[in-house]
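# Examining the three-dimensional arrangement
These are the residues of each chain, in order.
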Amino acid sequence: MARLFCLWIVTTIAVVCIWCSAGLTFQDSKLPGFVIKTFKSTDWLHCLEECNNNDDCVSYNYNRLGSNCELKNFGPKIRCHANEDLVAFHGWIHHTLDPSKYVKKTEGSRFSSMEGNLTAIFDCDRCELFADGTSLGEKTTNGDSVAKFFIPSNTQVIAITVKRINGRRAFIGSFSNDIVTDESWKCSNEGKSPGFNDTTWTFPGFRDTHWSYASSLRGQNKNSRLPLGISQKAKWIWNDGNENEVYCRVKLSD
């Protein structure tokens, strides 16, 4: 009897290990955005089970330090796409369920297509993008590459922090819903704008009436080659000063 019980334990562990190894797992990484549920999880297996039992969940972030679990309705389908979708984050694990095993579950979802979400492409030296206060990650461009972000379609406000690295005080970008960087954006910087609050300015409720409209850099727009994937209507913008870091916002909806 004891031998049978031990055999059952070994078999169960083997099945669980095979089950949890399916899909894609990334250490010290997390997928920003696309959250459908957050909760405290006693361990990663609890997080996995919750995702597996949720019809909309195809991936999850698990914080092994704080025992937090975030269920997601999107995840990278193949490993080579992970650099575009994930951000480095110590202590977090991202796991995407096996696409071949859960194909019926993910048909028509963001896992198989990005329909229902916005795509944004920026050339911005180093920038961090926020959707209604949630960071979508920080990315760096070098002139030959662009930063790509996926944004929930119900987002009200996009906010971005841009840091000058390569000597150019300007950034440019466009969205799949035809919104582009132009003079309609509001921009500021910490040292110049009264009432600046670095904890709330990325949220829809922040009042930016005292912020200035962005400045279009005419020389940059006239002479620069447009980065790949960015709309011809987009303009290189900055604030009206010579700061090395700016904070900009634009409303997608009221």
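The rules behind these values
Residues numbered from 1 in each chain as written. Predicted model: local features only at pLDDT ≥ 70, side-chain atom pairs only at ≥ 80, totals over all residues. Heavy atoms only, no water. Pairing = 2+ DSSP bridges. Helix = DSSP H or I, 4+ residues; strand = E, 2+ residues; numbered from the N terminus. Axes fitted to C-alpha atoms, helices over the stretch in contact; angles between N-to-C directions. Contact = heavy atoms within 4.5 Å. Disulfide = S-S within 2.5 Å. Buried < 20%, exposed > 50% of the residue type's maximum accessible area, 1.4 Å probe, protein only. pLDDT = per-residue confidence, 0-100.

Within an unreviewed UniProt entry, the label attached to the protein chain reads Apple domain-containing protein, and the organism entered is Acropora cervicornis.

Spatially, the five strands line up as an open sheet ordered β1-β5-β3-β4-β2, and their pairing is antiparallel. Across the chains shown, the open sheet's two edge strands, defined by having one partner strand only, are β1 (24-30) and β2 (35-40). For this sheet, the mean inter-axis angle between neighbouring strands, taken without regard to orientation, is 25°. Against the sheet, helix α2 (residues 44-53) engages β2, β3 (59-63), β4 (68-72) and β5 (87-96), with an angle of about 160° to β3.

Inspection of the entire model under this criterion finds four disulfides. Put simply, C124 and C127 are joined by a disulfide, and their sulfur atoms are 2.0 Å apart. On the basis of relative accessible area, C124 is assigned to the buried category, the value being 0%. Look at C127 and you get buried, because its relative accessible area is 0%. Through a disulfide, C187 is tied to C248; the S-S separation comes to 2.0 Å. Residues C187 and C248 are joined by a disulfide whose S-S torsion is about 110°; by sign, that bridge is right-handed. You can see C187 sitting in strand β12 (residues 186-188) and its partner C248 sitting in strand β16 (residues 245-251), a full 61 residues away along the chain. Taken in N- to C-terminal order, the disulfide-linked cysteines of the protein chain are connected 1-4, 2-3, 5-6, 7-8.

The subject of this paragraph is the confidence of the model for the protein chain. Put simply, the protein chain has an average pLDDT of 77, and 75% of its residues get 70 or more. Confidence over residues 2-21 falls short of pLDDT 50; this stretch has eleven contacts with residues more than four positions distant or in other chains. Note that pLDDT drops below 50 for residues 101-115; the model gives that stretch 34 contacts with residues more than four away or on any other chain.

Look at D28: it is not a glycine, yet its phi comes out positive at around 50°. Of note, D28 is situated in strand β1. With a phi close to 80°, D178 is a non-glycine residue in the positive phi region. Here D178 lies in the loop between β11 (172-175) and β12.

The three strands are arranged β9-β6-β11 in an open sheet whose pairing can be described as antiparallel. Looking along the sheet, the strands with just one partner apiece sit at the ends: β9 (147-152) and β11. Neighbour-to-neighbour, the strand axes of this sheet turn through a mean angle of 20°, independent of strand direction. Sheet topology note: the strand β6 (residues 117-123)/β9 ladder contains six bridges and is antiparallel. By the bridge assignment, T119 is partnered in β9 with F150.

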